Number of protein chains: 2
Amino acid sequence: MAKQYVQKITAMDEDFAQWYTDVVTKAELIDYSSVRGSMIIRPYGYAIWENIKQELDRKIKETGHENVYMPLLIPESLLQKEKDHIEGFAPEVAWVTQGGTEQLTERLCIRPTSEVLFGEHFKSVVHSYRDLPKLYNQWANVVRWEKTTRPFLRTLEFLWQEGHTCHATEEEAQAETVKMLEVYARLCEEVLAIPVIKGRKTEKEKFAGAKYTYTIESLMHDGKALQAGTSHHLGDGFARAFDIHFTDKDGTLQYVHQTSWGFTTRIIGAMIMVHGDDRGLVLPPRIAPIQLMIIPIAQHKEGVLDFSYQLKDTLSEAVRVDIDAGSKKPGWKFNEYEMKGIPLRLEVGPKDMEQQQVILVRRDTGEKLVVSLAQLKHKIAELLTAIQNNLFLRAKNHREAKTHSAASFHEFETILENSSGFIKAMWCGDVACEEKIKEKTGATSRCIPFDSEAEIAVNECVCCGKQAKHFVYWAKAY
Amino acid sequence: MAKQYVQKITAMDEDFAQWYTDVVTKAELIDYSSVRGSMIIRPYGYAIWENIKQELDRKIKETGHENVYMPLLIPESLLQKEKDHIEGFAPEVAWVTQGGTEQLTERLCIRPTSEVLFGEHFKSVVHSYRDLPKLYNQWANVVRWEKTTRPFLRTLEFLWQEGHTCHATEEEAQAETVKMLEVYARLCEEVLAIPVIKGRKTEKEKFAGAKYTYTIESLMHDGKALQAGTSHHLGDGFARAFDIHFTDKDGTLQYVHQTSWGFTTRIIGAMIMVHGDDRGLVLPPRIAPIQLMIIPIAQHKEGVLDFSYQLKDTLSEAVRVDIDAGSKKPGWKFNEYEMKGIPLRLEVGPKDMEQQQVILVRRDTGEKLVVSLAQLKHKIAELLTAIQNNLFLRAKNHREAKTHSAASFHEFETILENSSGFIKAMWCGDVACEEKIKEKTGATSRCIPFDSEAEIAVNECVCCGKQAKHFVYWAKAY
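Every value quoted in this text rests on a predicted model; they were computed, and no experiment measured them. (Residues numbered from 1 in each chain as written. Chains lettered and ligands numbered in written order. Predicted model: local features only at pLDDT ≥ 70, side-chain atom pairs only at ≥ 80, totals over all residues. Heavy atoms only, no water.)

A. Representation of the sheet that holds strand β17 (residues 344-348) of chain B in the model. All names here are of chain B. Spatially, 5 strands are ordered β16-β15-β17-β18-β19 in an open sheet, and the strand pairing comes out mixed. Two strands lie at the open edges of the sheet, namely β16 (321-323) and β19 (368-372), each paired on one side alone. Here the average twist between neighbouring strands, direction ignored, is 25°. Along the sheet, helix α9 (residues 304-315) contacts β15 (292-296), β16, β17 and β18 (357-362); its crossing angle with β15, the most-contacted strand, is approximately 165°. Taken strand by strand, helix α12 (residues 376-401) contacts β15, β17, β18 and β19, and its axis lies near 5° from that of β18. (Pairing = 2+ DSSP bridges. Helix = DSSP H or I, 4+ residues; strand = E, 2+ residues; numbered from the N terminus. Axes fitted to C-alpha atoms, helices over the stretch in contact; angles between N-to-C directions. Contact = heavy atoms within 4.5 Å.)

B. Fine view of the pattern of salt bridges. Residues and elements named next belong to chain B. Applying the stated criterion to the full structure yields 60 salt bridges over all chains. Between Arg345 and Glu338 there is a salt bridge, with the nearest N and O atoms lying 3.0 Å from each other. You can call Arg345 buried: its relative accessible area is 6%. The class for Glu338 is buried, based on a relative accessible area of 8%. (Salt bridge = Lys/Arg side-chain N within 4 Å of Asp/Glu carboxyl O. Buried < 20%, exposed > 50% of the residue type's maximum accessible area, 1.4 Å probe, protein only.)

C. Representation of the pairing of strand β22 (residues 444-449) of chain B in the model. Residue and element names in this part refer to chain B. Summarising burial for β22: 6 of the 6 residues are buried, a large majority. Judged from the 2 bridges that link them, strand β9 (residues 197-200) and β22 form a sheet pairing that is antiparallel. Looking across to β22, one finds that Arg200 is bridged to Ile448. Where β22 lies against strand β23 (residues 470-475), 3 bridges are found, and the strand directions are antiparallel. Paired with Ser445 across the two strands is Trp474, which belongs to β23.

D. The interface of chain A and chain B, seen in detail. Residue-level contacts link 55 residues of chain A with 55 residues of chain B. Here chain A packs against chain B, burying approximately 4,400 Å² in sum over the two surfaces, 56% of which is carbon and sulfur. Looking at the side of chain A facing chain B, the largest losses of area belong to A:Pro43, A:Tyr69 and A:Trp145, adding up to 14% of the total buried there. Our count for the contact surface shared by chain A and chain B stands at 4 salt bridges. Residue B:Glu50 is joined to A:Lys61 by a salt bridge in which the shortest nitrogen-to-oxygen separation is 3.2 Å. Across the contact surface, chain A and chain B share 30 residue pairs in polar contact (both at pLDDT 80 or more). Of the residues that constitute the side of chain A that touches chain B, the class distribution is 29 nonpolar, 12 polar and 14 charged. (Buried area = accessible area lost by both parts, 1.4 Å probe. Polar contact = N/O pair within 3.5 Å; in protein donor to acceptor, adjacent residues only side chain to side chain. Nonpolar A, V, L, I, M, F, W, Y, C, P; charged D, E, K, R; others polar.)

Structural data, given as structure tokens:
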């Protein structure tokens, strides 16, 4: 590395929060504005979101869902129709009380989520079993009035997709809920290279108005957990509140069973905190807006620029490629594109041209390879796959290394005093124990995993010692 | 046509407004909700918007623009920074005054447009001539507090893209403004088959805060005009208000010159009113979510369904195709997909199978063709092109037939009493005349066209008779 050009960012191990802020600003993902708690998503950050959106939208459509668009504003009376839902969301919504010069007779909230709007619409379009299932999704912005905010991770406004579906039976709704969690899990693991634990939220942590909430939980570099996506089985609670019923095949009137599921811009924060390093962002090739950056060396020398642009043209069929032929020194450019997490760098100078070769540098390992032009396309494809796989494995190994089992409360506390990460421990199912654990250690229940390998050879709650009911992943979380 | 199955919608010539409402609801483009003035965009309506968005997004990126995302909420103090802008927009914004349980010390408006947010951001990222131009775009929802609303045409909330750019010189900004209007015009004419008049808005009709506003104007079936897209040359007004300056090559400090341009969901309303007929929607093939609908005839007969599904598979490589093998009678299905404006219908029954042929029916002309399987792919491609061209030509001929010239105020009034459409007439440039014309006839100035063919052999203002300065298109408008 050309040390003299390294832009200063805080080291991860020194101050992880400051490192994160440095990366999101210096990699030009976001900018702050005078709007408290909101962020400007800059071109590079938005290009990442567009790639995620495109992949997820394709998966959502492949599983038979259709996109729709619901209103931004919700009348207060509509939000109040489902009791648990309004209790959960009322403290964190933004209220519109004035339209132009007119004082409104009823307040409108900016959607924090759209269950009630979909509820009202389903009531209007579902009449017979023939109308089911309804499999809808929308891409939208939502607002939640958060006190403390951080770019991507927690913002007043964020972008997301929210799926909303209606089914004839509880079993179908259950299958849908799990299917969409699986879609999120595959997106995270295969595209974003983020390993996740799939499981169910406890009663305390579930969505306001849901019967069950399923979640995928990921572990960040600093050992804190991050909820990467959730899928809710809503049961018939909203159906009863909004009177969404249908005539079944046998002529009886039935309530529908519903689901909802969401995935947000927050995932960009997760990607940064899972893969990033002290030189900045590290992007998985499958999502990187630019997969390969060409840096001409000694570009004033005859033929270098022409040759570099020709390379760009040739490679652009196979890979998302760009070139920086600007006037900055190569060292500065290396640094800039490392900060931006571009998976591969290609260096080419007069000597390389002579020898019909280029140099490729991996962002994830720093490895430098001399590659002949004849082999180039093939080698680039191979390396991008290798980087994608390496990022996933590295993250998985990191998670394994930071996952501990605790058989007693003392053990639980000791682990968190000395380390961070997931703690696997048994739990009695009592919310009092969940609250005590949070109060004493700062850790919350992340999920009851689907594949509950009974690794812990105890059958007592880690907190109260009574008969345990659930195997739970705990962690401090974002 | 199988008359007995025809769903009743109001005839266009009987009550055009009611016809429009019938079409948007019965073609399942939208649904109403309890949110005043907003609409639910249903799957079929949203699929049309997604196709428009995809085409436009590609054109915007091809012309070198990058997508970003700005906050939804604007602090009142920020909105007030540009004097003309706030005057224009203050009467029609929605105000957030409460966040959660907290009463805000400063009101936030929901963006009616985002010039001030981009202004603040440009100030933060533009420092040197090397940072220019900045060519940004965002896809977003905006809110304007309209009193009277109609689906797509005028809604409290609508979806759009808004481009915002910064340039080193006035000439560059001017070129950009015209270039993006041209992008809109080509989208309308080549993709949506809507002919447009390109021109400049008068001072009275221009955007609040702009130096010039350019517009594309289209004519609906009922002879009213609709503004289909606008592009604003902002000059350095916002740059001065937000202090967006840069160091030029010669070391001097300069203000940037800006543009902004927007295209909205309103265009779907235009498409309906330009191409639709008494049987419902008529969609141009290039934008239709389904270009060809297969209707099996006597589908209980052996082999018909298998054959129909095979056809679908074969054709799906070349065309957006779907099949309706539901239990409704073919006549009902014909009617439903005519209502939905699907460009081509394919009928296939046992006899057709025997003879290795199918029947194709054009939505635009009703023409029925017997086509051999060997010729099918080729014929479908040919017909889709023919329909696209026919819709454009038909709309253009309709516009020509409804475009009149007026040399005197009496002539102007007489035309509008007996007919509707565009009136071409000379104007002195005085806002008093513009207002008088509006007051007396209901017509507003639509634009001063770019290619001002001097068709009118007079040189006096149509209103006051004084020396004319501009050739203007006038019309009653949506």
